Amino acid sequence: MLNERLHRMKTRYFDTRPNITAEHLELATEAYQLYAGEAAPIFRAKVMSYIMEHMTVCIFPDELIVGSPTNTYKGANLFMEYTSTGWLRDELDEFPTRTTDPYDITPEDKEKILKLFEYWEGKAVEDLAPSILPPEIEDARQKDLISVGCRNGVSGETTPNYSRLLSLGLSGHIARCRELIEEERAKGGHVSRQPKIDFWTGCIIMAEGIIRYAERCAEKAEEMAAAESDASRKAELLVIAENCRHVPANPPRSFHEALQFVWLIQVSFHIEAPTTACGFGRFDQYMYPYLQLDRERGLLTDDADVLELLECFYLKCCEVYEVRDKWYSKSFAGYPMWEILMVGGVDRHGGDATNPLSYLCLDAGAALQTTQPVLALRVHDGTPPELLRKGAEMVQKGMANPGFFSDKAAMRMVQGKGCTIEEARDWCIVGCIQPAPGGGTTDGSPDAGYVNAPKMLELALHNGIDPLTGELVGLQTGELSEFTSVEDIMDAVKKQSVHFYEMIRDGYNLIVPIHAERLPVMMASMAIDGCIESGKSVQQGGAKYSTAGMFVTGPANLGDSLEAIDQVVFKDGTLTLEELVAILDKNFEGEERIRQLLINKPAKFGNDIPKVDGLVRDYLTYIAETVQEYDDSRGGKYSFCNLSQTVNISHGEMTGATPDGRKAYEPFSDNSSPVMGRDISGPTATVKSVGAINQTAFHDGALFNLRFDPRGIQGEKGLEIVEGVIKTYFDNGGEHIQINVVDNETLIDAQKNPEKHRGLMVRVAGYMAYFTELDKAAQDTIIDRTAHLA
Amino acid sequence: MTQIPMTAPVGSIQKFSVEDGPGIRTTIFFKGCPLRCAWCHNPEMIDFGPQLILLTNRCIGCGYCIEACPNGALALVDGKIEVDRSACDTCLLCVDACYAGALASVAEEKTAEELMNEAAKDSGFYGHTGGGITLSGGEMLSRPAFVEEMVRLAYERGIGVCLDTSGHGDGDALFRIASHPGVTDILYDIKCMNPEVHAEGTGVDNRLILDNLRRLAADEAIRQKITIRMPLIKGYNDTEPLIEETAAFLIQNELQRATLLPYHTLGVSKSERIGERARVFEPPSQSTLDSIRTVLEQAGIEVDILGL
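Keep in mind it's a predicted model, so treat the numbers as computed, not measured.

### A look at the sheet that holds strand β7 (residues 108–111) of chain B
Residue and element names in this part refer to chain B.
- One open sheet accounts for nine strands, arranged β7-β1-β2-β8-β9-β10-β11-β12-β13; its pairing is mixed. Sheet topology places β7 and β13 (302–305) at the edges, where each strand pairs with a single neighbour. Taken pair by pair, the neighbouring strands of this sheet meet at an average axis angle of 30°, ignoring direction.
- Two elements, strand β1 (residues 7–17) and strand β2 (residues 25–30), share five bridges in a ladder whose sense is antiparallel. Within the sheet, the bridge partner assigned to Ile13 lies in β2 and is Ile28.

### Concerning helix α2 (residues 23–35) of chain A
All names here are of chain A.
- The terminal C-alpha atoms of α2, which comprises 13 residues, lie 18 Å apart, in line with the 18 Å expected from a rise of 1.5 Å per residue.
- Of the residues making up α2, those classed as buried are Glu23, His24, Leu25, Leu27, Ala28, Thr29, Ala31 and Tyr32.
- Looking at the packing, one finds that the buried side of α2 touches α3 (40–54), α5 (107–120) and α11 (255–272).
- Following α2 by one or two positions, Gly37 adopts a phi angle in the positive range, close to 110°.

### With respect to the sheet that holds strand β14 (residues 736–741) of chain A
All names here are of chain A.
- One open sheet accounts for five strands, arranged β3-β4-β5-β14-β13; its pairing is mixed. Looking along the sheet, the strands with just one partner apiece sit at the ends: β3 (340–344) and β13 (705–708). On average, each strand axis in the sheet is inclined to that of its neighbour by 30°, with strand direction left out of account.
- Looking at chain direction, strand β5 (residues 403–406) and β14 are connected through two bridges and run antiparallel. By the bridge assignment, Phe405 is partnered in β14 with His736.
- Most of the contacts of helix α15 (residues 356–368) go to β3, to which it runs at about 135°, and overall it touches β3 and β4 (374–379).

### Brief notes about the confidence of the model for chain B
- Averaged over all residues, the pLDDT of chain B is 94; the fraction at 70 or higher stands at 99%.
- For this predicted complex, the interface confidence comes out at an ipTM of 0.94, alongside a pTM of 0.93.

### A few points about the domain arrangement of chain B
Residue and element names in this part refer to chain B.
- According to the domain assignment, chain B consists of domain 1 (7–48 + 107–305) and domain 2 (52–105).
- For domain 1 and domain 2, the distance between their C-alpha centroids amounts to 33 Å.
- Contacts between the two partners involve five residues from domain 1, matched on the other side by six residues from domain 2.
- Carbon and sulfur atoms supply 52% of the area buried between domain 1 and domain 2, which totals about 460 Å² over both sides.
- On the domain 1 side of the interface with domain 2, the three residues burying the most area are Ala107, Arg273 and Ile274, jointly 82% of the side's total.
- Our count for the contact surface shared by domain 1 and domain 2 stands at zero salt bridges.

### Section: the pairing of strand β4 (residues 74–77) of chain B
All names here are of chain B.
- Two strands pair when backbone bridges link them, and β4 and strand β5 (residues 80–83) are joined in this way by four bridges, in the antiparallel orientation. Pairing of Val77 across the sheet is with Lys80, part of β5.
- Taken together, β4 and the strand that follows it, β5, pair antiparallel across an intervening segment of two residues, in which Asp78 is found at a positive phi of about 50°.

### As for the interface of chain A and chain B
- Taken together, the 30 residues of chain A in the interface contact 24 residues of chain B.
- In total, chain A and chain B occlude about 2300 Å² of area from one another, counting both sides; carbon and sulfur atoms represent 59% of this.
- Remark: the boundary between chain A and chain B carries zero salt bridges.
- At the junction of chain A with chain B, the criterion picks out 12 residue pairs in polar contact (both at pLDDT 80 or more).
- Of all the secondary-structure elements, those providing two or more residues to the side of chain A that touches chain B are α25 (592–600), α28 (683–691) and α29 (715–731) of chain A.
- Top contributing element to the side of chain A that touches chain B by residue count: α29(A), with eight residues.
- Taken together, the residues that form the side of chain A that touches chain B break down as 12 nonpolar, nine polar and nine charged.

### Focus: the packing of helix α16 (residues 385–396) of chain A against α29(A)
Residues and elements named next belong to chain A.
- Axis separation between α16 and α29 bottoms out at 9 Å; the angle between their running directions is 110°. In terms of orientation, α16 lies roughly perpendicular with respect to α29. Seen from above, α16 lies across α29 with right-handed handedness. Mapping the contact onto sequence places Leu388, Arg389, Ala392, Glu393, Val395 and Gln396 in α16 and Gly715, Glu716, Gly718, Leu719, Glu720, Val722, Glu723 and Lys727 in α29.
- Within the contact of α16 with α29, the residues separate by chemical class into five nonpolar, three polar and six charged.

### Considering the nonpolar core
- In this structure, Phe255(A), Phe313(A) and Ile737(A) are the most contacted members of the largest nonpolar core, which totals 235 residues.
- For this core, the element with the highest residue contribution is helix α9 (residues 194–227) of chain A, accounting for 16 residues.
- With residues near it in sequence (within four places) discarded, Phe313(A) still touches Ile65(A), Leu259(A), Val262(A), Trp263(A), Phe280(A), Phe283(A) and Leu341(A).
- Ranked by size, the runner-up nonpolar core spans 54 residues in total, among them Leu135(B), Ile177(B), Tyr188(B) and Leu213(B).

Thresholds, definitions, all that
- Residues numbered from 1 in each chain as written.
- Chains lettered and ligands numbered in written order.
- Predicted model: local features only at pLDDT ≥ 70, side-chain atom pairs only at ≥ 80, totals over all residues.
- Heavy atoms only, no water.
- Pairing = 2+ DSSP bridges.
- Helix = DSSP H or I, 4+ residues; strand = E, 2+ residues; numbered from the N terminus.
- Axes fitted to C-alpha atoms, helices over the stretch in contact; angles between N-to-C directions.
- Expected span 1.5 Å × (residues − 1).
- Buried < 20%, exposed > 50% of the residue type's maximum accessible area, 1.4 Å probe, protein only.
- Contact = heavy atoms within 4.5 Å.
- pLDDT = per-residue confidence, 0-100.
- Domains from an automatic or database assignment.
- Buried area = accessible area lost by both parts, 1.4 Å probe.
- Salt bridge = Lys/Arg side-chain N within 4 Å of Asp/Glu carboxyl O.
- Polar contact = N/O pair within 3.5 Å; in protein donor to acceptor, adjacent residues only side chain to side chain.
- Nonpolar A, V, L, I, M, F, W, Y, C, P; charged D, E, K, R; others polar.
- Parallel < 35°, antiparallel > 145°, perpendicular 65-115°, else oblique.
- Left-handed = near helix turned anticlockwise from the far one by under 90°.
- Core = buried A, V, L, I, M, F, W, Y, C linked by side-chain atoms within 4.5 Å.

See the structure below:
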């Protein structure tokens with residue numbers, strides 16, 4: 001399906017290992033010393049501008065869309081203003097060989113990096129965090145009871161308003177910032193006005209820096225064209241040069257230029273910060289007018305030419321990385337970048353928004369089969385059957401792409417964030433599956449934090465003491481003898497949970513102002529509506545809507561455990577609560593029979609059994625309604641999301657045995673899914689249970705991975721089945737579903753012979769990963785998930 | 001006086017059943033079958049009485065079942081439980097003692113209402129895919145009154161029913177059930193056209209089965225619902241003359257759809273679980289399958305193959 005160019009490019013992509021390079025850090029270090037003393041927004045913009053003026057410009061063979069955030073192919077930058085030299089120095093040697101998400105690094109670059117670390121010692125946000133966070137929060141964090149977002153990373157989940165960026169060009173944004181500065185100055189001097197003037201000045205410098213970088217790409221392309229002997233490549237290089245001279249300074253004049261524009265914005269995000277989850281929003285909507293423009297002039301009339309450009313763009317999306325530490329790389333395994341590209345859905349007036357580009361975006365994904373961008377297909381009652389069919393066909397072929405999203409559920413979620421009906425219809429994903437009021441109006445900051453739900457039960461069953469350490473870390477919610485019903489235990493679990501969610505809130509509310517003062521993100525602030533008009537960065541609350549995500553791990557383990565306690569202790573009286581807890585404390589040692597009872601007798605979440613599904617729903621709804629009342633430090637609100645990514649593995653590793661029969665340290669359930677292997681009633685029951693957890697009450701949605709055995713969905717009938725499952729899930733209130741179709745034999749073979757399966761994709765958690773790039777534990781987790789046999 | 005609701009022993013309620021009728025279905029397997037097909041892939045569903053099933057790989061060797069057994073029918077051998085079937089009177093007391101689920105009852109008694117409540121949970125899936133409930137077994141026709149009740153309840157809820165039957169049973173009841181508007185599909189087995197060979201393989205001759213089928217096929221509305229299913233066992237019923245005879249029968253009765261079910265060995269281990277030994281057969285070769293398909297297609301019959 002791929003043409004020769006793309007075939008070569010894809011081969012090159014798979015043949016190159018991600019690598020950490022020194023250049024960006026070298027330039028940043030120089031710039032930091034040059035511009036010290038400037039106000040933060042100006043300082044940061046000047047640093048970026050300096051980097052973009054001096055970094056190596058790369059144009060790789062065959063490319064039609066150019067620009068890279070680093071000086072090597074598949075390179076990764078280090079951002080020592082965010083990341084502590086401490087762990088990085090310790091882990092630097094391990095990067096090429098670590099099991100999860102390895103990076104190569106040349107000896108020369110390593111030497112340079114180590115030398116540069118001397119300058120950065122103690123300067124990172126991560127170094128400041130322990131002194132910013134109160135001791136009890138830092139303690140809970142270090143014990144892995146909670147995570148606190150933005151502690152060593154950036155407030156980086158951004159879906160720009162690309163309609164605005166494209167229609168004004170960066171020069172239009174520069175002009176607007178100049179106007180605003182003039183207006184503000186005309187009001188006379190005041191301490192409240194200078195920060196805004198500094199912010200707009202920073203925006204101008206940043207925008208000019210990006211334009212300059214584009215010009216340098218043009219210069220490089222011209223230089224290469226002059227030396228190019230192949231006439232057709234020479235012509236391509238000259239087109240690239242012409243495009244980069246025009247965009248992103250000016251509104252694009254063609255589809256090709258529009259793609260180049262969007263890509264250069266994406267590059268600048270990755271030059272500025274160690275960002276992830278910079279989404280493309282409703283790509284088919286804002287890009288289609290440029291395709292129409294071309295087609296009216298008789299250009300790009302052949303779909304193959306459009307696909308070639310799209311595929312070149314998609315491959316660029318695979319080139320960006322965020323270097324994560326061991327914990328984060330295990331918790332977010334598979335180099336995920338969450339660059340979500342959405343198609344379909346309703347328009348701002350409620351009609352169907354599908355256009356010819358919607359189909360081509362899916363076709364390009366089907367042809368290329370790479371992990372980025374992650375395709376998202378919005379589904380509503382009026383979705384053309386052909387579009388849904390195309391998505392179903394991709395799923396049937398095992399691509400695990402696109403993910404399907406329900407307009408109905410997502411709209412209710414974003415309305416909970418307080419937006420207009422038009423903005424609700426124009427919702428887009430900010431992050432992974434989190435819906436946000438439309439069109440780039442929302443800064444949905446990344447994870448404020450995760451609470452380990454089964455650990456909350458463990459604390460409740462030990463009156464606040466962590467049995468693994470003997471330390472009192474939670475609330476003293478009562479001795480076992482005080483619990484007379486499962487409701488009592490649920491109440492204690494909720495109290496423990498809220499205690500830790502409050503810690504996350506308090507910690508995150510302390511961390512974000514540090515970013516606002518020191519590291520305002522200029523590109524994101526220009527890209528999101530509200531910041532330029534208010535003269536404030538996203539971290540200062542400049543976005544029209546600000547939300548911060550609160551997450552949970554293991555809700556299914558919690559529900560199953562509570563049900564098991566109810567059945568075995570309170571109903572059957574097989575064990576007393578004290579006996580059960582004693583058995584858990586010895587990790588079922590010599591008690592396999594009881595473990596089997598706990599596994600086999602009590603009902604389990606995921607089998608369409610109302611009572612146990614209700615326990616999960618009750619907990620999640622309570623947590624959502626509680627945390628969504630919290631104010632964030634920017635004047636925004638917290639949003640709840642039933643999503644674990646792969647934090648369910650790391651949280652599992654620090655939690656003892658649970659009453660659902662799970663042994664100590666084993667992983668928890670994946671995202672919104674049932675516990676692995678405990679959904680034994682087939683995929684329809686699983687879908688019903690996950691649909692029954694009151695998702696629309698979670699403002700940031702719920703991530704659901706469903707896996708089919710390929711046998712269950714083969715042939716024409718299989719496509720109808722896939723569509724039927726998606727529609728029924730959405731009828732039942734589901735927001736998001738992604739469907740893997742992989743058989744275990746393939747996966748086991750892929751573990752043994754990774755080279756034979758390097759294109760094998762598995763969506764682990766809202767992102768897609770190459771199965772063979774995951775470490776053994778994560779691979780085993782995927783293999784263990786119940787395969788739903790027909 | 002309240003009437004005690006009728007129950008039937010149900011081996012399993014299989015959701016997301018996609019190969020037993022159109023769309024996504026819930027298949028209900030009733031225990032008990034008048035046939036004794038040597039190749040049966042649900043051997044635990046044949047006997048009408050209660051049966052103990054042993055899943056050795058689930059056994060953790062705790063031995064609690066041994067104490068629970070009043071007949072001394074259980075013993076640990078190399079850390080795994082074994083059942084002395086000659087001593088076992090199927091009291092099933094051991095099942096409650098087995099927390100690991102290694103010892104289980106093959107079926108549970110259910111009322112039609114209970115089954116319908118469970119099956120109706122997937123109504124949304126049926127609606128989107130043209131699916132519904134499939135009644136299978138064992139032989140569902142061995143419980144005509146219960147099946148009629150199921151069909152009535154399903155019809156009330158707007159859920160279509162597919163019958164999966166050997167056809168060996170009460171022909172009047174079958175006709176009555178088949179003509180009910182709630183029955184949308186009928187999967188009807190033809191195992192072999194030759195009565196003697198049929199008797200040899202299944203324990204009953206095929207006259208009743210074919211008579212019942214002729215009667216159904218004579219009714220235009222019912223005929224439209226019928227898909228013939230042909231289990232194919234190498235050397236037993238896959239020979240050309242037998243297939244040609246089947247084709248002729250189908251043409252004669254204007255039956256237009258057939259599904260070929262080549263033999264598979266998934267039933268073999270199930271026999272072991274109920275203390276029996278299954279004969280192992282072979283499926284027809286691919287070339288035989290292809291020629292069977294050709295013979296039927298040339299007779300104007302739409303053919304589908306559902307292999308392993």
